[in-house]
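Residue-level structure breakdown
Residues per chain are reported as follows:
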Amino acid sequence: MKDGNNKIKNKKLKMPKPRDRNIEKAKKEIDTLKEEIRRADRRYYILNDPEISDKEYDELLAKLKKIEERNPELITEDSPTQRVAQGLSSGFASIKHREKMLSLDNTYTVDELKEWENKIKRMLEKDVKINYFVEPKIDGVSCALRYEKGNLTLCVTRGDGDTGEDVTANIKTIRSIPLSLDQGSRQEIEVRGEVYMSKKDFESINQQRIKENETVFANPRNAASGSLKLLDSSLVAKRKLRCLIHSFGWAKGYDFKTHKEFLETIASWGLPTDINSRYCKNMDEVIEFCLKWEGLRDSLDYEVDGMVVKVNDFGLQKELGTTLKSPRWAVAYKFPAHQATTKIARIDFGVGRTGIITPVALLEPVECGGVTISRATLHNFDEIKRLDVREKDTVLIERAGDVIPKIIKVIKSKRKGNEIKVKIPKECPVCKGIVTKEKEDEVYLYCINPECPAQLKRSLLHFCQRTAMDIEGMGESIVDELVDRSMVKSIGDIYALTKEDLLKLPLFKEKKAFNLISAIESSKDRPLSRFIYGLGIKHVGEKAAMILSARYKDIDAFFRLKVEDLELIPEIGPVMAASIVRTFSLSKIKALIRKLQSSGLNLKDKFTTKVKSPISGKVFVFTGEMKSLSRNQAREKVISLGGDWSSSVSKNIDFIVAGENPGSKFKKAKELNLNIISEKDFLKLIS
Ligand code: IVH
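Okay, so let's go over this structure. (Residues numbered from 1 in each chain as written. Predicted model: local features only at pLDDT ≥ 70, side-chain atom pairs only at ≥ 80, totals over all residues. Heavy atoms only, no water.)

**Overview of the overall build of the chain**
Scanning the chain from terminus to terminus reveals 25 helices and 24 strands. Taken over C-alpha atoms, the radius of gyration comes to 29 Å for the chain, in line with the 26 Å a tight globule of 687 residues would show. Taking the principal axes of the C-alpha coordinates as reference, the chain spans close to 90 × 90 × 50 Å. Taking all contacts inside the chain whose residues are at least 6 apart in sequence as the whole, residues at least 24 apart take part in 69%. Carbon and sulfur atoms make up 50% of the accessible area of the chain, which amounts to about 35300 Å² in all. Of the side-chain charges in the chain, 123 are positive and 102 negative, and the distance between the mean point of each set is 2 Å. (Helix = DSSP H or I, 4+ residues; strand = E, 2+ residues; numbered from the N terminus. Rg over C-alpha atoms; globule rule 2.2 N^0.38 Å. Contact = heavy atoms within 4.5 Å. Areas by Shrake-Rupley, 256 points an atom, 1.4 Å probe, with all protein chains shown as cover. Lys, Arg positive; Asp, Glu negative; His and termini not counted. Charge placed at Lys NZ, Arg CZ, Asp CG, Glu CD.)

**Concerning the site of the ligand**
Around the ligand lies a shell of 14 residues, among which Glu-135, Ile-138, Ser-142, Glu-194 and Lys-310 are the nearest. A distance of 3.2 Å separates an oxygen atom of the ligand from a polar side-chain atom of Ser-142. A distance of 2.7 Å separates an oxygen atom of the ligand from a polar atom in the side chain of Glu-194. Relative to its free-state accessible area of 520 Å², the ligand is covered by the protein chains to the extent of 88%. For the shell around the ligand, the secondary structure elements donating two or more residues are strand 3 (132-138), strand 8 (242-252) and strand 10 (304-311). The dominant element in the shell around the ligand, judged by the number of residues it contributes, is strand 3, at four residues. For the shell around the ligand, the class distribution of residues is six nonpolar, three polar and five charged. (Near = heavy atom within 4 Å. Polar contact = N/O pair within 3.5 Å; in protein donor to acceptor, adjacent residues only side chain to side chain. Nonpolar A, V, L, I, M, F, W, Y, C, P; charged D, E, K, R; others polar.)

**Comments concerning the sheet that holds strand 7 (residues 188-196)**
Hydrogen bonds along the backbone pair up the strands of a sheet, which may run parallel or antiparallel. Strand order in this open sheet of four strands is 5-4-7-8, and the pairing throughout is antiparallel. The outermost strands of the open sheet, each flanked by one partner alone, are strand 5 (151-157) and strand 8. Ignoring which end each strand starts from, the neighbouring axes of this sheet average 25° apart. Relative to strand 8, strand 7 runs antiparallel, the two sharing nine bridges. Across the sheet, Glu-194 pairs through a bridge with Leu-244, a residue of strand 8. The strands touched by helix 7 (residues 220-228) are strand 4 (141-148), strand 5 and strand 7; relative to strand 4, the strand with the most contacts, the crossing angle is about 45°. (Pairing = 2+ DSSP bridges. Axes fitted to C-alpha atoms, helices over the stretch in contact; angles between N-to-C directions.)

**Here's the deal with helix 7**
Buried residues of helix 7: Pro-220, Ala-223, Ala-224, Ser-227 and Leu-228, and no others. For helix 7, the angular spread of the buried residues around the axis is 125°, confining them to a single face. (Buried < 20%, exposed > 50% of the residue type's maximum accessible area, 1.4 Å probe, protein only. Arc of directions from axis to C-beta.)

**Description of the nonpolar core**
Grouped burial of nonpolar side chains is what soluble globular proteins tend to show. Membership of the largest hydrophobic core comes to 54 residues, with the highest contact counts inside it found for Ile-471, Met-474, Ile-494, Phe-531 and Phe-584. For this core, the element with the highest residue contribution is helix 18 (residues 542-552), accounting for five residues. Not counting residues up to four positions away in its chain, the partners in contact with Ile-494 are Leu-460, Phe-463, Cys-464, Ile-471, Met-474, Val-488 and Ile-520. Counting 36 residues, the second largest nonpolar core, distinct from the first, contains Phe-133, Cys-155, Val-236 and Phe-256. (Core = buried A, V, L, I, M, F, W, Y, C linked by side-chain atoms within 4.5 Å.)

**Overview of the state of the cysteines**
Overall, the coordinates contain zero disulfides when judged by the stated rule. You can see Cys-143 has no disulfide; the closest cysteine sulfur is in Cys-155, sitting 4.1 Å from it. The class for Cys-143 is buried, based on a relative accessible area of 0%. Not engaged in a disulfide, the cysteine Cys-447 finds its nearest cysteine sulfur in Cys-431; these two sulfurs lie 3.7 Å apart. Note on Cys-447: relative accessible area 3%, which makes it buried. (Disulfide = S-S within 2.5 Å.)

**Points about the sheet that holds strand 2 (residues 106-107)**
One open sheet accounts for five strands, arranged 2-11-10-3-9; its pairing is mixed. Lying at the two open borders of the sheet, with one neighbouring strand each, are strand 2 and strand 9 (278-280). Relative to strand 9, strand 3 runs antiparallel, the two sharing three bridges. Residue pairing for strand 9: Phe-133 is matched across the bridge by Tyr-279. Across the sheet, helix 10 (residues 283-296) lies against strand 3, strand 9, strand 10 and strand 11 (330-334), angled at about 145° from strand 9, the strand it touches most.

Below, the structure is given as structure tokens:
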């Protein structure tokens with residue numbers, strides 16, 4: 001107290017010392033940056049309407065980090081720089097919930113909803129008017145978040161309802177969750193919500209995983225729960241999880257009268273709540289609202305499996321109470337799933353580029369949610385065991401949104417005795433080579449024969465695809481022929497092919513053979529980034545390949561790379577870095593690259609990266625067709641000049657380059673009043 005008074009006195013008497021002045025200035029800067037970052041988080045994740053680009057966001061964060069590094073005494077727990085904890089966690093502690101996390105009873109029809117209302121009215125034994133709050137039932141992972149004195153202190157998954165896992169470090173990486181709340185929230189409160197992945201992020205993560213030859217997630221819920229359980233929170237941060245708060249847990253020092261008041265209050269503190277929810281003054285409105293979303297469910301950017309109907313008044317909620325399993329004051333109205341039954345004709349095995357063997361069920365075609373389904377993935381051999389699925393079984397399949405159909409269960413009562421158990425392959429279904437697991441407890445099997453034709457075919461297709469070496473004409477049937485006839489035994493062999501070789505194949509006539517040889521020849525000049533991407537290094541996508549090539553410029557530099565060097569590049573994490581170094585340490589990769597160099601591939605980047613170019617730091621979107629260069633060439637150029645590109649239009653884009661017949665991106669750019677330039681302007685900018 002005394003010290004405090006002295007400080008005030010001192011302030012009046014003399015000017016602050018330079019160090020104090022600096023601290024004051026730093027504190028001000030930190031506060032402004034924190035506020036800007038918080039605002040950006042909110043616009044991105046809650047309002048779905050970002051105002052700044054990812055790059056600008058990263059710049060704000062980097063600036064904040066820098067000031068904090070110089071003034072560590074000013075780092076607070078709620079600083080956005082503290083979202084990602086350093087290092088790996090060794091596991092998740094079990095935490096008992098103070099108040100059990102219940103589940104919900106289900107209703108499936110309007111009549112059942114009405115019955116539920118009649119039941120609770122009878123229980124209340126008085127003629128009360130009940131009003132409701134109705135929310136989408138998000139298909140995610142349920143979590144309890146605790147705030148003490150306004151700061152996020154704990155987050156625990158639902159677990160079995162009694163005990164869950166402490167995932168605080170991972171939850172803190174979710175940008176829509178505030179680390180501290182706005183004023184008026186200084187007591188202790190536990191709120192509950194759903195951690196989920198948007199359909200869009202789910203799709204793009206799976207696309208990325210396919211490109212990088214990793215197994216895909218079956219649905220957004222699995223992707224969210226898998227991500228939340230990662231031990232490295234810096235990886236969780238990349239998964240773009242989101243969260244919406246839907247329930248009150250418990251609190252000290254707050255007295256909410258209704259669910260609506262609770263939601264409005266926490267939203268005013270900065271917590272994310274679902275804007276697609278509604279207060280309904282009676283059951284008729286509840287039904288109308290539920291049916292509305294039943295028709296519109298696919299338009300939501302997250303997966304839902306129904307609506308949750310809650311009695312709005314907390315007093316009535318208390319009167320109704322709970323059963324052991326679920327509250328009586330809330331009920332789920334479940335939407336019919338996109339499900340169908342069909343028969344498995346056969347279970348087949350695919351072999352991916354890295355040798356991973358994936359079981360696939362080939363189905364008798366069936367209509368499901370407006371789409372004809374004839375295949376369903378079985379993911380891995382544990383899944384086959386878990387489902388006890390056999391060839392000729394009748395199965396229930398489900399298609400959630402745009403997601404790959406999956407088998408929910410086997411209808412065992414339909415078994416006739418002629419079903420065939422799946423044998424886990426002891427050898428590769430294609431090359432008959434040895435199969436093995438990478439680790440003892442892994443559920444995936446791999447073919448480890450580096451010359452396996454299935455792997456080779458996939459690698460060739462990846463290498464030749466448009467976004468890699470762009471060898472037009474090298475499609476699936478030609479690759480099959482070339483590999484099956486042993487004319488191509490490694491990627492390096494395609495550059496030794498002659499027109500005469502091709503003419504030996506029934507698929508080719510003079511012109512087609514000439515065209516393919518010309519396409520192979522012109523691919524020798526592709527930028528280094530295309531080649532790096534084409535190599536199919538695990539975890540290295542198109543953008544990473546561009547960044548690496550712009551930085552190292554020469555393939556020979558890749559053989560000297562160290563994980564520590566790579567990790568210094570902001571876009572490259574430890575997993576990708578390790579994968580790159582591992583790949584270039586393989587003698588077969590070295591041999592392949594030498595062979596390609598002697599075939600005349602340049603493998604040096606022709607672009608020289610200017611440290612400061614007129615477009616450095618600027619983000620471009622390309623729409624429509626350009627005359628003088630392809631979209632990929634334009635993107636490569638932008639990266640090589642220190643700029644960036646995106647495939648979607650938002651307010652953060654600096655330039656929209658509109659070629660001929662621009663599409664919907666052009667329209668959106670106009671609506672957003674963005675800077676639209678022509679191909680000519682673009683060429684001027686990059687010249
Ligand atoms: S209220 C006492 N509201 O559904 C139950 N739950 O099947 C409190 N869920 O475990 C839950 N969206 O994970 C509630 N708007 C919503 C929800 C929601 C999804 C999940 C929640 C719960 C499960 C119950």
